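Chain by chain, the residues:
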Amino acid sequence: MPDDPLERLADLHLPDAVGWWPPAPGWWMLAALLLLSPLLWLAWKRWTQRLRVPVYRRAALRELEQEYQQYLRHQNGPVFVQSASALLKRVALQCYDPRQVASLSGEQWGEFLGRGQSPDRQQQIKLILEHAHSRELQADIAGFYHFAREWIEAQEKF
């Protein structure tokens, strides 16, 4: 009888065990995500923090900077103080009860802006605002600019 073809078949061979290296693409993605997660978290935190800054505050700071640059070009102190004071009033109307702020002017306006400041700084603010309409304004305009910038940055909407 001829040879049985089934006898010539070899036994089944099991595949080699799966090694741990190289990992599957999913593990690479997980490792990358774990390594990048602190950076992603910081980026997210900065982005949301930037969104929390009210639009009126960003616009006011931008406008204050433009006014100060004009002052530096033209050296017209009274114009800068008047425009900065008007800008501070608009910010105050956004942040405080308009019935409380709208009627303030002169010394009362200076006292309102100077709340929480040192007595020397309160006096400087009052003097600058009182003499804002005189042609011979002798004041620390740069100091008033920095005060206005800090004041705007410190305001929160009520």
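Residues numbered from 1 in each chain as written. Predicted model: local features only at pLDDT ≥ 70, side-chain atom pairs only at ≥ 80, totals over all residues. Heavy atoms only, no water.

## Here's the deal with the overall build of the protein chain
Along the backbone of the protein chain there are 7 helices and 0 strands. Along the protein chain, helices (α) and strands (β) appear in the sequence α-α-α-α-α-α-α when read from the amino end. Its C-alpha atoms give the protein chain a radius of gyration of 35 Å, more than 25% over the compact-globule value 15 Å for 158 residues. For the protein chain, the spread of C-alpha atoms along the three principal axes comes to 130 × 35 × 25 Å. Taking all 158 residues of the protein chain together, the buried fraction comes to 27%. Taking the contacts inside the protein chain whose residues are at least 6 apart along the sequence as the reference set, 61% of them involve residues at least 24 apart. Counting only carbon and sulfur atoms, one obtains 59% of the accessible surface of the protein chain, whose full area is about 12200 Å². Across the protein chain, 18 positive and 18 negative side-chain charges occur, with their mean positions spaced 13 Å apart. (Helix = DSSP H or I, 4+ residues; strand = E, 2+ residues; numbered from the N terminus. Rg over C-alpha atoms; globule rule 2.2 N^0.38 Å. Buried < 20%, exposed > 50% of the residue type's maximum accessible area, 1.4 Å probe, protein only. Contact = heavy atoms within 4.5 Å. Areas by Shrake-Rupley, 256 points an atom, 1.4 Å probe, with all protein chains shown as cover. Lys, Arg positive; Asp, Glu negative; His and termini not counted. Charge placed at Lys NZ, Arg CZ, Asp CG, Glu CD.)

## Examining helix H2 (residues 55–74)
Taking 1.5 Å per residue, 20 residues should reach 28 Å; H2 reaches 29 Å between its end C-alpha atoms and fits that length. Along H2, the residues that are buried comprise Tyr56, Arg57, Ala60, Leu61, Leu64, Tyr68 and Tyr71. Looking straight down H2, one finds its buried side chains confined to an arc of 130°; they lie on one side. With respect to the buried face of H2, the exposed residues turned more than 90 degrees away are Val55, Arg62, Arg73 and His74. Buried positions along H2 lie against helix H3 (77–95) and helix H7 (141–154). (Expected span 1.5 Å × (residues − 1). Arc of directions from axis to C-beta.)

## With respect to the nonpolar core
General note: in soluble globular proteins, nonpolar side chains tend to be found buried as a group. Formed by 30 residues in total, the largest nonpolar core has its most connected members in Phe80, Leu88, Trp109, Leu113, Phe144, Trp151 and Ile152. Of the residues forming this core, the biggest block, 8 residues, is contributed by H3. Beyond its immediate chain neighbours, meaning those up to four positions away, isoleucine 152 contacts Arg57, Ala60, Leu61, Leu64, Leu87, Leu88 and Val91. (Core = buried A, V, L, I, M, F, W, Y, C linked by side-chain atoms within 4.5 Å.)

## Quick word on the packing of H3 against helix H5 (residues 106–114)
Running from N to C, H3 and H5 cross one another at 65°; their axes reach a closest spacing of 12 Å. The interaxial crossing formed by H3 with H5 has left-handed handedness. Seen from H3, the contacting residues are Ser85, Leu88, Lys89 and Ala92; seen from H5, they are Trp109, Phe112 and Leu113. Its residues assigned to classes, the contact of H3 with H5 comprises 5 nonpolar, 1 polar and 1 charged. (Axes fitted to C-alpha atoms, helices over the stretch in contact; angles between N-to-C directions. Left-handed = near helix turned anticlockwise from the far one by under 90°. Nonpolar A, V, L, I, M, F, W, Y, C, P; charged D, E, K, R; others polar.)

## Some words on unusual backbone geometry
Put simply, tryptophan 21 and proline 22 share a cis peptide bond, and its omega is -5°. With respect to the helices and strands, the residue proline 22 is situated in the segment before helix H1 (25–52).

## Things to note about the pattern of salt bridges
Counting across every chain of the model gives 5 salt bridges. Note that glutamate 63 and arginine 90 form a salt bridge whose closest N and O atoms lie 2.7 Å from each other. Separated by 27 residues along the polypeptide, glutamate 63 in helix H2 and arginine 90 in helix H3 bring together distant segments of the chain. Classification of glutamate 63 as partly exposed rests on a relative accessible area of 26%. Note that arginine 99 is salt-bridged to aspartate 97, the shortest N-O span being 3.0 Å. Take aspartate 97: its relative accessible area is 27%, and that puts it in the partly exposed class. (Salt bridge = Lys/Arg side-chain N within 4 Å of Asp/Glu carboxyl O.)

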